[in-house]
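Letter by letter, the chains look like this.
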Amino acid sequence: MKILVVGAGLSGAVIARQLAEAGYSCHVIDQRAHPAGNCHTERDPETGIMVHRYGPHIFHTDDLRVWTYVNRFAEMMAFDHRVKITLSGRVHAMPINLLTINQFFGTAMRPDEARAFCAELAECPDGNPGNFEEQALSLVGRGIYEAFFKGYTEKQWGCAARDLPASVLKRLPLRFDYNDRYFAHKYQGIPRQGYTDLTAGVLDHPRIRTELGRAYRPEMRSDYDHLFWTGKLDEFFDFRLGDLAYRTLDFEEFRYQGDYQGCAVMNYADADVPYTRITEHKHFAPWESHSGSVCYREYSRAAGRGDTPYYPIRLAAEQRMLAGYEQLAAAETHVTFLGRLGTYAYLDMDMSIAAALAVAEEFLARR
Ligand code: UDP
């Protein structure tokens, strides 16, 4: 049986690895010159800093199986992601925790007091927040929402926060203690040699042939018995139902001698600052030491067809279009769609790996 995997990101690599270990030969292609998709990392030639080329990636999961899986292929270094946010020239801690609340309101509340205070500020007309804005208002009230979420979110997504689903905000914790870790997951880390090395390790198997810089063409299909597609779902069907909307990112690189901002990620809340955040890459590897520094200012905008897709938007119109594409996908008996682009889902790295492991299991169980 001949298998083609389109896309050498985490999803494609994991599916290929699982099938290869089960005895199948897999041909993996990717149009880019590197594996790992948008979690690609590489060392900056001038400074030696490991740069997250497509923006910050921190591995975080509660899934022991996924954590064990990545640890087979990479040395995962402990990394606690702590994000700061600049608002009107002052720095606060993100996600919202007791320090953020006390600094923002100029108070010294204890946890129970802050909880009661936020409950008092909360606006939740019918007790059932239906979108991002209502979700935020129901948790922290208008002051914190407008300061920390509205501007950032509208820059990031290019639409009104009230048009976004509440699920986007649910990615972030809200804490009434001084825990300022960005993620609450049990296992968190960053591979010492980067994600590209990790992904290359997953692909390193005698029954996997990986071809980089090779774009998919529909004629290729007839040479294979099964295709795993991790590219854009709409692209596979030649955009026949329309374009599923994505946000893309532009990174403006700059260099600094020393420590530019003292942390890996500084968000910018103000609507009139055009970028959403600045990433200082050397802080993703606190076990290394570099005197120079490489930083990215990150700008978000609507993706055109030629742009790198990052965030599926999934508003009501896209949901309807997605349902149409999902119907087309379900009718394809020799093609399986997976990954962030293949399923048009806001998947984190661990979720992509878990999904690919499940797809592989299901595929193998049917043979
Ligand atoms: N968000 C915000 N202010 C922040 C950080 C996040 O309003 O300082 C919102 C924003 O809408 C973002 C969402 O919370 O898209 C989820 O944030 P997360 O950090 O999970 O986004 P990602 O890392 O995937 O870009």
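Residues numbered from 1 in each chain as written. Predicted model: local features only at pLDDT ≥ 70, side-chain atom pairs only at ≥ 80, totals over all residues. Heavy atoms only, no water.

**Re the sheet that holds strand β5 (residues 59–61)**
The pairing of strands in a sheet comes from backbone hydrogen bonds and takes either a parallel or an antiparallel form. Spatial strand order, β5-β9-β6: 3 strands in an open sheet with antiparallel pairing. If you trace the sheet from one side to the other, it starts and ends with β5 and β6 (76–78), each paired once. On average, adjacent strands in this sheet sit at an angle of 40° to one another, irrespective of strand direction. (Pairing = 2+ DSSP bridges. Helix = DSSP H or I, 4+ residues; strand = E, 2+ residues; numbered from the N terminus. Axes fitted to C-alpha atoms, helices over the stretch in contact; angles between N-to-C directions.)

**Concerning the pairing of strand β15 (residues 292–302)**
Bridge count between strand β12 (residues 246–257) and β15: 11 bridges; the pairing is antiparallel. For Phe-254, the partnering residue across the bridge sits in β15 and is Cys-295. Taken together, the 4 bridges between strand β14 (residues 277–280) and β15 define a ladder with antiparallel strand orientation. Bridge pairing in β15 places Arg-277 opposite Glu-298.

**Brief notes about the pattern of salt bridges**
For the structure on display, the rule yields 28 salt bridges. Note that Arg-53 is salt-bridged to Glu-253, the shortest N-O span being 3.8 Å. Within this pair, whereas Arg-53 is found in the loop between β4 (50–52) and β5, its partner Glu-253 is found in strand β12, the two being separated by 200 residues in sequence. Taking relative accessible area as the criterion, Glu-253 reaches 37% and is therefore assigned partly exposed. Here Arg-82 makes a salt bridge to Asp-80, at a shortest N to O gap of 3.8 Å. Each member of the salt-bridge network shares a partner with another, and the members are Glu-42, Asp-44, Glu-46, Arg-53, Glu-253 and Arg-255. (Salt bridge = Lys/Arg side-chain N within 4 Å of Asp/Glu carboxyl O. Buried < 20%, exposed > 50% of the residue type's maximum accessible area, 1.4 Å probe, protein only.)

**Some remarks on the packing of aromatic side chains**
Inspection of the entire model under this criterion finds 28 aromatic pairs. Ring plane angle 35° and centroid distance 6.2 Å describe the contact between Phe-59 and Trp-67, whose orientation is recorded as tilted. The residues Phe-59 and Trp-67 share a single accessibility class, namely buried. Among the aromatic residues, those joined into a ring-pair cluster are Tyr-216, Trp-229, Phe-236, Phe-237, Tyr-325 and Phe-337. Between Lys-2 and the ring centre of Tyr-224, over which it is positioned, the NZ or CZ distance is 5.4 Å. The ring of Tyr-346 has Arg-171 sitting right over it, with the charged end atom 3.9 Å from the ring centre. (Phe/Tyr/Trp six-rings, centres within 6.5 Å; stacked < 30°, edge-to-face > 60°. Lys NZ or Arg CZ within 6 Å of the ring centre and 35° of its normal.)

**Observations concerning the site of the ligand**
Lining the immediate surroundings of the ligand are 17 residues, of which Thr-153, Arg-171, Tyr-182, Tyr-311 and Tyr-346 lie closest. A distance of 2.9 Å separates an oxygen atom of the ligand from a polar side-chain atom of Trp-157. Between the ligand and Arg-171, the relevant distance is 2.7 Å, taken from an oxygen atom to a side-chain nitrogen or oxygen of the residue. Contact with the protein chains covers 93% of the free accessible surface of the ligand, which is 520 Å². Per-element accounting of the shell around the ligand gives the leading share, 7 residues, to helix α5 (residues 132–157). (Near = heavy atom within 4 Å. Polar contact = N/O pair within 3.5 Å; in protein donor to acceptor, adjacent residues only side chain to side chain. Areas by Shrake-Rupley, 256 points an atom, 1.4 Å probe, with all protein chains shown as cover.)

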